[in-house]
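The lines below spell out each chain.
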Amino acid sequence: MHLQGKVVLITGASDGIGAACAHAFRSRGAQLSLIARTREKLERVGADEAVITAGDLKDPAVRAACVEATLLRYGRIDVLINNAGVGLYVPSWRAPEQDVRDMLELNLYAVLGMTQLVVPAMKRQGAGTVVNISSIAGLVTLPWFTLYSASKFAVRSMTDGLRMELRKEGVHAMTVCPGYVRTGFQENVLAGRPPDKLWRMRRFAITAEQCAEAIARGVERDARTVVTPRIGWALLAARALFPRLIDGRLEGIYRGLDL
Ligand SMILES: NC(=O)c1ccc[n+]([C@@H]2O[C@H](COP(=O)([O-])OP(=O)(O)OC[C@H]3O[C@@H](n4cnc5c(N)ncnc54)[C@H](OP(=O)(O)O)[C@@H]3O)[C@@H](O)[C@H]2O)c1
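Everything numeric in this text was worked out from a predicted model, so none of it was measured.

What counts and how
- Residues numbered from 1 in each chain as written.
- Predicted model: local features only at pLDDT ≥ 70, side-chain atom pairs only at ≥ 80, totals over all residues.
- Heavy atoms only, no water.
- Near = heavy atom within 4 Å.
- Polar contact = N/O pair within 3.5 Å; in protein donor to acceptor, adjacent residues only side chain to side chain.
- Areas by Shrake-Rupley, 256 points an atom, 1.4 Å probe, with all protein chains shown as cover.
- Helix = DSSP H or I, 4+ residues; strand = E, 2+ residues; numbered from the N terminus.
- Nonpolar A, V, L, I, M, F, W, Y, C, P; charged D, E, K, R; others polar.
- Pairing = 2+ DSSP bridges.
- Axes fitted to C-alpha atoms, helices over the stretch in contact; angles between N-to-C directions.
- Contact = heavy atoms within 4.5 Å.
- Disulfide = S-S within 2.5 Å.
- Buried < 20%, exposed > 50% of the residue type's maximum accessible area, 1.4 Å probe, protein only.

**A short note on the site of the ligand**
- In the vicinity of the ligand there are 30 residues, among which Arg37, Thr38, Asn83, Tyr148 and Thr183 approach most closely.
- The side chain of arginine 37 places a nitrogen or oxygen atom 2.7 Å from an oxygen atom of the ligand.
- The contact in question runs from an oxygen atom of the ligand to an N or O atom on the backbone of valine 181, over 2.8 Å.
- Here the ligand, which alone exposes 890 Å², has 94% of that area covered by the protein.
- Listing elements by their share of the shell around the ligand, those giving two or more residues are helix H1 (16-26) and helix H5 (146-166).
- Taken together, the residues of the shell around the ligand break down into 12 nonpolar, 13 polar and five charged.

**Re the sheet that holds strand S2 (residues 31-36)**
- Read from one edge to the other, the open sheet built from seven strands follows the order S3-S2-S1-S4-S5-S6-S9, with strand pairing classed as parallel. The open sheet has two edge strands with one neighbour each: strand S3 (51-54) and strand S9 (225-228). Between one strand axis and the next, the sheet turns through 15 degrees on average, direction left out of account.
- With four bridges connecting them, S2 and S3 associate as parallel partners. Looking across to S3, one finds that isoleucine 35 is bridged to threonine 53.
- Sheet contacts for helix H4 (residues 97-125): strand S1 (7-11), strand S4 (79-82), strand S5 (128-133) and strand S6 (171-178); angle to S4, the most-contacted strand, approximately 175 degrees.
- In the packing of helix H7 (residues 208-220) onto the sheet, the strands contacted are S4, S5, S6 and S9, and the crossing angle to S6 comes to about 155 degrees.

**Regarding the state of the cysteines**
- Under the criterion given, the structure shown has zero disulfides.
- Cysteine cysteine 177 remains unbridged, with the sulfur of cysteine 211 as its closest cysteine sulfur at 10 Å.
- On the basis of relative accessible area, cysteine 177 is assigned to the buried category, the value being 0%.

Structure below.
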């Protein structure tokens with residue numbers, strides 16, 4: 001898809017990967033609609049041009065208001081980037097139920113809710129792309145992140161299905177699986193903290209801007225799955241070929257967690 005003049009709706013756009021996406025898509029000539037909870041940050045990112053919706057994506061009324069405001073201003077939505085998401089670093093067997101529900105409300109149900117609101121417009125247009133931000137944790141289960149992994153596996157599966165459901169109507173769906181990205185994500189988790197060994201791997205992290213570039217290039221070439229950095233594909237292949245070995249390594253990192 002050529003992005004000049006296209007309308008791009010980005011969730012979780014006040015910070016991190018979402019804010020970097022706003023810059024990457026604007027620099028390609030796209031018109032933006034941005035949603036997150038913090039209005040001041042959104043207004044800074046939107047630079048007086050974007051449609052701004054400040055509110056909690058877990059609320060269906062907020063999601064509906066965002067899509068309505070976007071269609072009212074632009075009359076169409078070409079790209080939906082379901083980016084907002086949150087982590088949970090608590091072992092699955094003792095994770096507080098409310099935290100798990102809150103995470104799934106944002107990471108899964110809000111993604112589905114936004115998709116259901118936007119796809120009818122894309123079908124009418126006969127074109128559009130839904131971009132869902134999953135994770136490396138949606139390709140290989142990370143034991144310090146078991147339930148977050150489950151939410152990101154679900155997002156990836158939903159995106160693959162959506163692509164097959166809508167291909168004939170001209171609507172495309174793309175999954176993005178970032179590795180470690182340098183953002184406030186680790187500090188914003190609902191509960192728990194990453195294992196110490198993971199903190200040390202932070203030096204291999206990519207920036208939000210690098211991640212956003214990979215996403216924008218993926219949309220331009222109608223990619224099905226974007227893994228960034230690409231070394232993530234190696235982890236997936238290694239896990240498929242040597243499951244016990246890779247599980248053992250991942251468990252080793254998990255044991256560094258303060259249980
Ligand atoms: N960082 C990584 O290493 C990494 C790796 C793989 C995948 N990912 C995924 O990438 C996506 C973006 O992560 P990030 O690193 O950019 O995280 P981040 O820096 O914590 O940013 C999260 C964004 O989502 C918004 N948000 C959070 N809860 C919200 C809610 N209930 N309603 C509306 N907006 C909400 C936040 O804004 P407000 O606080 O203003 O609402 C912020 O704009 C997530 O889906 C994450 O799972 C991240």
